[in-house]
Amino acid sequence: MADILQKIASELYAGEDESVAELVQKALDQGMEPKEILQGGLIIGMDEVGKDFKAGDLFVPEVLIAARAMHAGMHVLRPLLAEGDSVSAGRYLIGTVKGDLHDIGKNLVKMMLEGAGFETIDLGTDVEPQAFVDAVREHKPVLIGMSALLTTTMVQMKAAVEALEEAGLRESVKIMIGGAPVTDAFAKEIGADAYAPDAASAVDKARELVA
Ligand code: B12
């Protein structure tokens, strides 16, 4: 039984999307629970990807291809994950801040979080502070991730944190920030809860924050 989970993890790591989908189906046919396949196969494979990306042994294109394989497996599993069969590690709202259109890094963070079992809600790019507030009200996430790639848009992170404070929602969520010009010191300065330098570290931080 465990062999097939290992195979799912290794094929995911190799970015073999068709093979991952077939193996997931095979595991289901053998009577495995969807949750077991998700946690013991897909998430384990994506964790390996994250570790090697962080260590510099894998690069952005390989991570994107592995994420595509993860999605292929999830496509088979999702309809079978019963309602209430909560496999979500938490709901994570993510967006690139106002004035900023860079989304490659944000999308990578989102995919790695999905790979780790988080349910993500993507607000896209150029997200106004008020849009973060409205989305927190609507979706009630446990975490928010904000991305900025321009030094000129970093201030929008501060504006979004302040908007959440003014709306009385700041205590209801943890806030993580990232993007090339952002630092840990900046996160502290604006009152965010965490900073992560890359997508794999973002998953580690997210897990810490919801623990
Ligand atoms: C691709 C790119 C573009 C593309 C964006 C396409 C897209 N869909 O994203 C286009 C061509 C549109 C673009 C436009 C511009 N760009 Co540009 N762009 C880049 C470039 C080359 C790569 C960015 C990238 O995708 N990196 C790869 C990803 C994977 O890395 P990353 O974004 O850093 O993300 C990782 C981490 O930072 C972290 N992370 C990211 N987000 C988050 C969020 C959270 C919550 C967490 C925890 C972690 C996290 O995890 C990610 C994955 O590991 C950079 C230069 C560079 N080498 O960085 C310039 C760069 C960012 N751009 C720059 C500039 C100036 C511009 C423009 C103003 C150019 C112009 N004059 O028009 C416009 C601005 C448009 C706008 N309003 O946003 C400058 C910024 C300078 C500065 N200090 O402010 C840079 C640094 C280039 C340079 N050296 O001058 N750009």
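For the structure, see preceding data.
Here is what the cut-offs are and how they apply
- Residues numbered from 1 in each chain as written.
- Predicted model: local features only at pLDDT ≥ 70, side-chain atom pairs only at ≥ 80, totals over all residues.
- Heavy atoms only, no water.
- Phe/Tyr/Trp six-rings, centres within 6.5 Å; stacked < 30°, edge-to-face > 60°.
- Helix = DSSP H or I, 4+ residues; strand = E, 2+ residues; numbered from the N terminus.
- Buried < 20%, exposed > 50% of the residue type's maximum accessible area, 1.4 Å probe, protein only.
- Pairing = 2+ DSSP bridges.
- Near = heavy atom within 4 Å.
- Polar contact = N/O pair within 3.5 Å; in protein donor to acceptor, adjacent residues only side chain to side chain.
- Nonpolar A, V, L, I, M, F, W, Y, C, P; charged D, E, K, R; others polar.
- Salt bridge = Lys/Arg side-chain N within 4 Å of Asp/Glu carboxyl O.
- Patch = residues over 30% accessible without salt bridge, like charges linked within 9 Å, V, L, I, M, F, W, Y side chains within 5 Å.
- Areas by Shrake-Rupley, 256 points an atom, 1.4 Å probe, with all protein chains shown as cover.
- Expected span 1.5 Å × (residues − 1).
- Contact = heavy atoms within 4.5 Å.

S.K.: How would you summarise the packing of aromatic side chains if you had to cite specific residues and measurements?
M.R.: One pass over the structure, following the stated rule, counts 1 aromatic pair. With centroids separated by 6.3 Å and ring planes inclined at 80°, the aromatic side chains of Tyr92 and Phe118 adopt a geometry described as edge-to-face. With Tyr92 in strand β1 (residues 91–96) and Phe118 in the loop between α5 (104–115) and β2 (119–122), this pair connects stretches of sequence that are 26 residues apart. Classification of Phe118 by relative accessible area gives buried; the value is 4%.

S.K.: Provide a residue-level description of the pairing of β2, including the pertinent values.
M.R.: In this structure, β1 lies alongside β2, joined through 4 bridges in parallel fashion. Looking across to β2, one finds that Ile94 is bridged to Asp122.

S.K.: Kindly report on the site of the ligand, identifying the contributing residues and their values.
M.R.: As a structural note, the neighbourhood of the ligand is formed by 29 residues, with Leu101, His102, Asp103, Ser147 and Thr151 the closest of them. Taking Leu101, its main chain carries an N or O atom lying 2.6 Å from an oxygen atom of the ligand. Those elements giving two or more residues to the shell around the ligand turn out to be α5, β3 (143–147), β4 (174–178) and α9 (199–210). When its residues are assigned to classes, the shell around the ligand shows 17 nonpolar, 8 polar and 4 charged.

S.K.: Before we move on, can you summarise the pattern of salt bridges with the specific residues and values?
M.R.: Scanning the model with the defined rule gives 12 salt bridges in all. For Arg91, the salt bridge is made with Glu119, and the minimal N-O distance between the two is 3.3 Å. Note that Arg91 is positioned in strand β1 and Glu119 in strand β2, a separation of 28 residues in sequence. For Arg91, a relative accessible area of 30% puts it in the partly exposed group. Of the charged contacts, one joins Asp184 and Lys188 as a salt bridge, the two residues approaching to 3.1 Å between their closest N and O atoms. Taken together, the positions of Asp184 and Lys188, both in helix α8 (residues 184–190) and 4 residues apart, correspond to about one turn of that helix.

S.K.: Give me the lowdown on a nonpolar patch on the surface, citing residues and values where you can.
M.R.: Where nonpolar side chains cluster on the molecular surface, the patch consists of Val60, Leu64 and Ile104 and spans about 240 Å² of accessible area. Counting through the fold element by element, Val60 comes out in helix α4 (residues 60–77).

S.K.: Account for α4, naming residues and giving values.
M.R.: Here α4 contains 18 residues, and its C-alpha end-to-end distance of 26 Å stays within 8% of the 26 Å for a straight helix at 1.5 Å per residue. All buried positions along α4 are accounted for by Val63, Ala66, Ala67, Ala69, Met70, Ala72, Gly73, Met74, Val76 and Leu77. The inward-facing, buried residues of α4 abut α1 (2–13), α2 (17–29), α3 (34–54) and α5.

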